[in-house]
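Observations on the three-dimensional arrangement
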Amino acid sequence: MAERVKRAFRYRFYPTDEQAAELSRTFGCVRLVYNKALEERTRAWYSEQRRISYVQSSAALTGWKKTEELAFLTEVSSVPLQQALRHLQAAFAHFFAKRAQYPRYKSRKKSRASAEYTRSAFTWREGKLTLAKMAEPLDIRWSRLLPEGAEPTTVTVSRDAAGRWFVSLLCEDGIAPAPATNMAVGLDAGITSLVTLSTGEKIANPRHERRDRARLARAQRELSRKAKGSANRAKARRRVAKVHARIADRRRDFLHKLSTRLVRENQTVVIEDLTVRNLLKNGRLARAISDAAWTDLRSMLEYKCAWYGRELVVIDRFFPSSKLCGSCGTVAVKLPLHVREWTCACGVVHDRDVNAARNILAAGLAAAACGDGVRPQRESSRTGRSSVKQEPQRATAGIPRL
């Protein structure tokens, strides 16, 4: 039976000059309201030890619109402004639950330009989307169809640094579980090989950033030569952003295909709980680790396993998967990163990555069999400690000998 889930469908669209101007004004007003509400909350706490709720922020927004200085806020739809306050409220909720850092101000140059419209602020008729304050529907490129009979409940419009416009439609969709299988796989993340499977297969790292590194360097050199504040500098900045967007699009496409294949072929997927933030402190490997995007791969595996009725097991980050001999169970004292093949005292020769993947699989299956439903340690961006977000199972016990 298909499970009903909320699913976002993202499309590119091409606004008219009037629509682009309206959306740009809306983005600016959303950013202003968010920053002003954050400033008021921060001031109230440090000066009066008082917390401001969403209801109080919403009332303050009404007052801001009545002032001469901020009267222009009435020129855009009120719904995206209210949604900005709701997002700020959610950011504080995550902060107080120690799942995130203290909310930061939105920057005009660095923050993502976006606005969220709920059902009262857009019209959906015959497959055409018209936003509030607009007379014409958006010119959307329908790269794939929406689910039959589905209607969007929330619409998010955004513009990336490369100047591309996107619209994300949140709809209810029915996803049928994938056919059951008895296959299981363990994944060992790496740099030379993006992931090594317990079957012995190695998925090569496409190194998307390295492939476009010369083009990116050339665009950045051109940007550095332009006068600050000039129109030519703005054009050069967009050219740099287009190179970054090309890299990100290719990386996302590859990870989607890889994660979908792993979920379809296996009933159980076992991964390590890597602390990517700490690994990025290695200056020599930080660029390669960022390009590998292990965190994105894990996120995709999490929601796809939940969608299709698969089991994702996350083993403890301190489990010695690489140093553990899968044959005799001996743990090597030292195993430097440059050693890709090693021989155990029992005489078995191990490929470092394949051995680690097989150990990860064995540990995950052992944890799943004994029902070890412990939350994996997901790093908090503020303290470096594990968050309290509920995640799939992880293994904390020892690995059985193979």
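From a predicted model like this one, the values you see are computed outputs, not experimental measurements.

With that settled, the discussion passes to unusual backbone geometry. A positive phi angle, close to 65°, is found at Lys98, a residue other than glycine. The topology assignment puts Lys98 in the loop between α3 (78-96) and β2 (113-118).

Turning next to the UniProt feature "domain: Probable transposase IS891/IS1136/IS1341" (unreviewed entry) in the protein chain. Within this numbering scheme, the UniProt entry marks residues 176-282 as carrying the feature "domain: Probable transposase IS891/IS1136/IS1341" (unreviewed entry). A distance of 42 Å separates the end C-alpha atoms of residues 176-282, which is 51% helix and 18% strand.

Considering all chains together, one arrives at ten aromatic pairs under this definition. Pairwise contacts between aromatic rings join Phe92, Phe95, Phe96 and Tyr102 into one cluster. The positively charged end of Arg10 is found above the aromatic ring belonging to Phe166, 3.8 Å away from the centroid. Cation over ring: Lys106 sits above Tyr34, and NZ or CZ is 4.6 Å from the ring centre.

Next up on the list: the environment of Leu285. When you line up the elements, Leu285 lands in the loop between α7 (276-279) and α8 (286-292). On the accessibility criterion, Leu285 (27% relative accessible area) is partly exposed. Separated by 94 residues in sequence, Leu285 and Ile191 have C-alpha atoms that sit 8.8 Å apart.

Rules of the game
- Residues numbered from 1 in each chain as written.
- Predicted model: local features only at pLDDT ≥ 70, side-chain atom pairs only at ≥ 80, totals over all residues.
- Heavy atoms only, no water.
- Helix = DSSP H or I, 4+ residues; strand = E, 2+ residues; numbered from the N terminus.
- UniProt positions renumbered as here; feature names shortened; annotations may be inferred.
- Phe/Tyr/Trp six-rings, centres within 6.5 Å; stacked < 30°, edge-to-face > 60°.
- Lys NZ or Arg CZ within 6 Å of the ring centre and 35° of its normal.
- Buried < 20%, exposed > 50% of the residue type's maximum accessible area, 1.4 Å probe, protein only.

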